[in-house]
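Chain by chain, the residues run as shown.
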Amino acid sequence: MSGTNPGRREERTTRRDSGTIGRRSPRTGTEPVTARSPLGLRLLLSGVFVSVFAAATAYFAVWAAESGPGKSPGPGPLTTVAAVCGALALIAVIDPVVVVRRLRRERGAASTTRREAG
C-alpha cells in the first residue's frame, strides 16, 4: 500500500459506525486528546446574529410594506429578503439550545470521568 506508514496498523471503521448520529469514529492519534469544539464561540455568535437578523427582518418587512407597486425594489423581493432573514434569525435562536445541550453533555461526561478516576 503506497502512502501508508508501515509501522502503524490501520483500523477500519464499519459502515455501522461511520456517519451515524451520536457515534464518533475512533481516534487516529493525530488530533490532541483535549481537543474541544468551539461551542462558546457558537453561543456568542448566535447571540449576536439573533439581534442582527431580527433587526434585518423588521427593516425589510417595513420597507416592503411601504414600497408601492411601481417602486424599485418592489414589495416581492423585499418580502423574500425579510423571510430569509427571519429564517436565519430562527436558526440563530435554535442554535444556542443545541450548544447548551452539548455543553451539558460534555460536562456530564467530564464529571463522570473524574469520579471514576478519583
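Just so you know, these numbers come straight off a predicted model, no measurement behind them.

Regions with low pLDDT carry predicted coordinates that are not meant to be interpreted in detail. Averaged over all residues, the pLDDT of the protein is 79; the fraction at 70 or higher stands at 65%. Taken together, the stretch residues 15-20 has pLDDT below 50 and engages in 3 contacts with residues farther than four places along the chain or on a different chain.

Residue Pro 73 is reached from Ser 72 by a cis peptide bond, and omega for that bond is -5°. Tracing the backbone through its elements, the reader meets Pro 73 in the loop between helix 1 (39-66) and helix 2 (75-117).

What follows is about the pattern of salt bridges. For the structure on display, the rule yields 1 salt bridge. For Arg 42, the salt bridge is made with Asp 95, and the minimal N-O distance between the two is 2.4 Å. With Arg 42 in helix 1 and Asp 95 in helix 2, this residue pair connects regions lying 53 residues apart in the sequence. Overall, the relative accessible area of 29% leaves Arg 42 in the partly exposed class.

The subject of this paragraph is the packing of aromatic side chains. Evaluation of the coordinates by the stated rule reveals 4 aromatic pairs. Measuring from centroid to centroid gives 5.8 Å for Tyr 59 and Trp 63, while their planes differ by 55°, and the two rings are tilted. Here Tyr 59 and its partner Trp 63 are both found in helix 1, 4 residues apart, which amounts to about one turn of the helix. Residue classification places Trp 63 among the partly exposed positions, given a relative accessible area of 35%. Taken together, the aromatic side chains of Tyr 59, Phe 60 and Trp 63 make up a single cluster linked through ring pairs.

This brings us to a nonpolar patch on the surface. Together, Leu 41, Leu 44, Leu 45, Val 48, Phe 49 and Val 52 make up a nonpolar patch on the protein surface, roughly 510 Å² of accessible area in all. Within the secondary structure, Leu 45 sits in helix 1. Owing to a relative accessible area of 39%, Leu 45 belongs among the partly exposed residues under this scheme.

With that settled, the discussion passes to the side chain of Ser 46. Tracing the backbone through its elements, the reader meets Ser 46 in helix 1. Overall, Ser 46 belongs to the buried group, its relative accessible area being 5%. There is a polar contact of 2.8 Å between the side chain of Ser 46 and the side chain of Asp 95. Beyond its immediate chain neighbours, meaning those up to four positions away, Ser 46 contacts Ala 92, Asp 95 and Pro 96.

An α-helix turns once every 3.6 residues. As a result, residues three or four positions apart point the same way. Between its first and last C-alpha, helix 1 extends 40 Å over 28 residues, near the 40 Å set by a 1.5 Å rise per residue. Among all positions in helix 1, only Leu 39, Ser 46, Ala 56, Phe 60 and Ala 64 are buried.

We now examine the nonpolar core. Counting 6 residues, the largest nonpolar core is built from Ala 56, Phe 60, Ala 64, Leu 78, Ala 82 and Cys 85. Elements with a contribution of two residues or more to this core: helix 1 and helix 2. In contact with Ala 82, other than residues within four places in its own chain, are Thr 57, Phe 60 and Ala 61.

Parameters at a glance
- Residues numbered from 1 in each chain as written.
- Predicted model: local features only at pLDDT ≥ 70, side-chain atom pairs only at ≥ 80, totals over all residues.
- Heavy atoms only, no water.
- pLDDT = per-residue confidence, 0-100.
- Contact = heavy atoms within 4.5 Å.
- Helix = DSSP H or I, 4+ residues; strand = E, 2+ residues; numbered from the N terminus.
- Salt bridge = Lys/Arg side-chain N within 4 Å of Asp/Glu carboxyl O.
- Buried < 20%, exposed > 50% of the residue type's maximum accessible area, 1.4 Å probe, protein only.
- Phe/Tyr/Trp six-rings, centres within 6.5 Å; stacked < 30°, edge-to-face > 60°.
- Patch = residues over 30% accessible without salt bridge, like charges linked within 9 Å, V, L, I, M, F, W, Y side chains within 5 Å.
- Areas by Shrake-Rupley, 256 points an atom, 1.4 Å probe, with all protein chains shown as cover.
- Polar contact = N/O pair within 3.5 Å; in protein donor to acceptor, adjacent residues only side chain to side chain.
- Expected span 1.5 Å × (residues − 1).
- Core = buried A, V, L, I, M, F, W, Y, C linked by side-chain atoms within 4.5 Å.

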